[in-house]
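Structure at a glance
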Amino acid sequence: MSYKKIYEQSIKDKENFWKKVSDDVFWYQKPEKILNTENPPFYKWFEDGVTNTCYNALDFHVDNGLGDKVALIWDSAITNTKEKYTFNQLKEKVSLFAGALKNQNIQKGDRVIIYMPMIPEAVIAMLACARIGAIHSVVFGGFASNELANRIDDSKAKLIISASCGYEPGKTVEYKPLINKAIELAKHKPDRCIIFQRKNFKATLDPKLDIEWDEVLKDAKPTECEKMKGSDYAYILYTSGTTGLPKGIVRDIGGHIVALKWTMKNVYNINPDDVWWSASDIGWIVGHSYIVYGPLFYGCTTILFEGKPVGTPDAGTFWRIVSEYKVKSLFTAPTAIRAIKKEDPNGEFFKKYDLSNFKCLFLAGERADPDTIKWAEKLLKVPVLDHWWQTETSWAISGNCTGIESFPVKYGSAFKPVPGYNLKILNSEGKELEPGKMGDIVVKLPLPPGTFPTLWNADERYKLNYMTNYPGYYQTYDAGHIDEDGYVWIMSRTDDIINVAGHRLSTGSIEEVLAEHKDVAECAVIGIADKLKGQLPIGLLALKAGVTKDKKEIISECVAMVREKVGPVAAFKTAIVVKRLPKTRSGKVLRGTVRKIADNETYKMPATIDDPAILDEIKKDLIDNNILKL
Ligand code: COA
Ligand code: AMP
C-alpha cells in the first residue's frame, strides 16, 4: 500500500489502524477498548489490554523458537570488550535480576532509577524492571548530582541501580560519589543502591545503603513476567523543560510496544533477521526506543556501543562495527557524523572496511545540516535520512518511512509526517497556515500510541504546557513549515531548549545555576551555532554593583558551577561579563538578537530596546572573546 493510503487510514480510521497493528503484539488479554477519549487531553490507548514489556522483548521470541538468536551485541570500544547475548541468555539474566529486585522489595509500580554507563547490565536492569512491572527512570551518566537529585525527588525512587564507573576518553567517571551527593541533596531517600562493579574499577560501598550486583543475584530466583494493563506505565524519562525542573515523560505499556514494533519495519525497513544499530545512549529517548525496546520487540539483533565516534580509538570505529556485525542500518545524531567528518574528511578510515551489508543511515536528535548529509551520502553511497522526533513521542513524527514507500531527499527537510501524526502548522492565533508558511508545528489530538499520556505526577503541567496554547493540539515547541509536497521542515525551537551534540538542554536550567553565583546580578544563556555540536551555550553575566573581583575568575567559577550542578554534558565553557543585559523596555531579555549577533547573522535593532548601545558593546565583547568570528 502507498504511503498516502496508509497515512490517511492512520488519521481517518485511527482506532482500526492501530487495532490491526496491535495484533502483532503479544497480549495475555487482547485490548477491547482501543482508544479511550473520555477525558481529553488525557487519551488512553489499549487500556484494558493485558501484556508485559519484557515478555514482548524476550520471552515472546524464545517461545517462538528464536532463543538461540543473538539479541544483544555489546561492543565497548573504550574498554576493548565484546559480548553477545542470545534471547535465551538475555532472558535468563533478566529474569534472575528481576528476582533479585523482588528480593529487594521492589513491587509493581515502584520507581527505580538506573544511572549507568553503556553496559549490558543497564539493559538487563531496564528489562528486569519491565518484567516485574516496576517503572524505571534512566538518568544519563553525564548529568551531575543535582540533576540526579531532582529526578530522585520527583520520581520518589525506591532503588538506584548503578555501576562503579563509566569510561569517558581520558577519564573514569565514578558514579558512587555522584550518587552519594545526589542522595544527600534529595529530600526523598531511596532505600538501596545496587552497584555493578566493573572489572578494573571497584567502588567503595556503604554497607548500610549499597549492595553489589553479584551479591543480589546470589539468592535470587528467576521470575516470570507480571501481567500489566496497557495503560500502566513502563518508564519515566526526564527531559529538559522550560524551567530548571525536568519533566517526567511517562510511557504507557501497551501503546509503547505496539508503536515501536511497528516502526522497525515501517519507518526503518528492518527485517527480523537484520542487525540494527542505534549509536546513542540509553539515557536518551533514542537509546530507550532504538537500542533497547524497538529492536527487541521486533526480534532483531541490536548493538549496544560504549565509546565515541572518534578517539575510541579512531574515526573508523563506526565503520568497523557496521562491517564486523553486518549492520543493515545505523541511527545516530548528526553531531557524531560531523565529528567523524572533521577527523576523517576523505574517509581514509572508512576505506578499510567492507560495508556491503550497510543499507541506510538515519539521523535525528538535531537538525541534520545538508553539508553533513551530502558528505555522508558521498562516502557511504547509501541513503542518509533525517527524521524528527522528541522524548515526548518516543518515535518519529516525520521521516522517510522506507518500509512503506521511499521519497527523495530534500536537503534540510525531515521528510513527511509518519502515519499516526496529524501535523499542522499554526500561527500564533491558532490559524492553520498554508504550505511553505512558517509557524508552530502542532499535532492534532489524540497523539498516536506510544507517545506520552501525561507527565509523571503532573497532569496539570502536561495540560498547561503542551495542550493549552492550541486547544485540541499537541504543541511540539518546534517551529517550521510543511511544503507543497508535504515535506516537513524543522527550523527552530520556540522555547528555551537548545540542542548540544544531540543532547537536549534547557538554557533556563543553566541560568538558574548562574544566578546563584554571589556576584551575578542577572544572566542570560543562549545557544550559539557550533560546527561540531550544532549548538553551544554561552552565558551573559551582569554583575552586582560594586563587584571588583577579576571577571575571569567569576567566569571560571560560573563554568565550574554549571559543570557541578547540571553536568559536563551541558558543555558550558564560555561566558562574557556585560554591563547590563540587553532588554526591551518591558524587561524582556533579547536573547534572539544576541544569538543572531553571535552567529554573525543579520539582525534588526528591536524598536523596543531600552538601550541600543548595549548591543554594540556585547558584539565587541563577543569578538574580543573569539566567540564571534567575523
Ligand atoms: N557520563 C559521564 N560524562 C559524560 C557522559 C557520560 N555518559 N557523556 C558525556 N560526558 C561528558 C564528556 O566526558 C564531556 O566532558 P568534558 O567536558 O570533561 O570533556 C562532556 O560530557 C561533553 O560530552 P560530549 O557531548 O560527548 O562531547 P565530547 O566533546 O566528549 O564529544 C561528540 C563530542 C560529538 C563526539 C559526542 O558529543 C557524540 O558522540 N555525540 C553523539 C551524541 C548522541 O549520540 N546523542 C544522542 C541523541 S540521538
Ligand atoms: P529530544 O527530546 O532530546 O529527542 O529532543 C527533541 C528535540 O530535538 C526536538 O523538539 C527538536 O527541536 C530537536 N530535533 C530532533 N530531531 C530533529 C531533526 N531531525 N531536525 C531538527 N530538530 C530535531
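Higher on the page you've got the structure.
Residues numbered from 1 in each chain as written. Chains lettered and ligands numbered in written order. Predicted model: local features only at pLDDT ≥ 70, side-chain atom pairs only at ≥ 80, totals over all residues. Heavy atoms only, no water.

Examining the environment of glutamate 553
Definition in use: A run of H or I in DSSP becomes a helix once it reaches four residues, and a run of E becomes a strand once it reaches two; helices and strands are each numbered from the N terminus.
Turning to its location among the elements, glutamate 553 is positioned in helix 16 (residues 551–565). The spacing of glutamate 553 and alanine 77 is 476 residues in sequence and 38 Å in space, taken between C-alpha atoms.

A short note on the sheet that holds strand 4 (residues 70–76)
Each strand in a sheet pairs with its neighbour through backbone hydrogen bonds, running either in the same direction (parallel) or in the opposite one (antiparallel). Using the following cut-off: We treat two strands as partners when DSSP finds at least two bridges between them. Here an axis means a line fitted to C-alpha atoms, over the contact stretch when the element is a helix, while the angle between two N-to-C directions is reported on a 0 to 180 degree scale. The contact criterion used is simple: two residues touch if any of their non-hydrogen atoms lie within 4.5 Å.
Pairing is mixed across the open sheet formed by seven strands, whose spatial order is 5-4-17-16-18-19-20. Each edge of the sheet is formed by a strand with only one pairing partner; in this case those strands are strand 5 (81–86) and strand 20 (384–386). Sheet twist, expressed as the average angle between the axes of neighbouring strands with direction ignored, equals 20°. Across six bridges, the pairing between strand 4 and strand 5 is antiparallel. Note on strand 5: the bridge partner recorded for serine 76 is threonine 81. In this fold helix 4 (residues 87–103) packs onto strand 4 and strand 5, with an angle of close to 90° to the strand it touches most, strand 5.

Focus on the site of ligand 2
Let me state the cut-off plainly: We define proximity as follows: a residue is near a molecule or strand when any one of its heavy atoms falls within 4 Å of that partner. Polar contact is defined as a pair of N or O atoms within 3.5 Å, subject to the rule that within protein one atom must be able to donate a hydrogen and the other to accept it, and that residues adjacent in sequence are counted only when both atoms are side-chain atoms. Accessibility throughout is a Shrake-Rupley quantity obtained with a 1.4 Å probe, and a residue counts as covered only by protein chains that appear here. Only Asp, Glu, Lys and Arg are considered charged in this grouping, and only Ala, Val, Leu, Ile, Met, Phe, Trp, Tyr, Cys and Pro are considered nonpolar; every other residue, Gly among them, is considered polar.
The local shell around ligand 2 holds 15 residues, among which His387, Thr391, Asp478, Arg493 and Arg504 are the closest. A distance of 2.8 Å is found between a nitrogen atom of ligand 2 and a side-chain nitrogen or oxygen belonging to aspartate 386. Glutamine 390 is positioned with one of its side-chain polar atoms (N or O) 2.9 Å from an oxygen atom of ligand 2. When isolated, ligand 2 has an accessible area of 490 Å², and the protein chains bury 93% of it. Grouping the amino acids of the shell around ligand 2 by side-chain chemistry returns four nonpolar, five polar and six charged.

Considerations on the packing of helix 3 (residues 53–66) against helix 10 (residues 285–298)
To be explicit about the condition: When describing relative orientation, an angle under 35 degrees is termed roughly parallel and one over 145 degrees roughly antiparallel, while 65 to 115 degrees is termed roughly perpendicular and anything else oblique. Each crossing gets its handedness from the near helix: less than a right angle anticlockwise from the far helix is left-handed, clockwise is right-handed.
Between helix 3 and helix 10, the shortest axis-to-axis distance is 8 Å and the interhelical angle comes to 45°. Here helix 10 runs oblique to helix 3, going by the angle between their axes. In this structure, helix 3 meets helix 10 at a crossing whose hand is left-handed. Within the contact between the two elements, helix 3 uses Thr53, Asn56, Ala57 and His61 and helix 10 uses Tyr293, Leu296, Phe297 and Tyr298. Of the residues in the contact of helix 3 with helix 10, the class split is five nonpolar, three polar and no charged.

Section: the state of the cysteines
Selection rule: Two cysteine sulfur atoms make up a disulfide if the distance between them is within 2.5 Å.
On inspection of all chains with the given rule, the structure shows zero disulfides. Summary of cysteine pairing: cysteine 129 is not part of a disulfide, and the nearest cysteine sulfur, belonging to cysteine 54, is at 10 Å.

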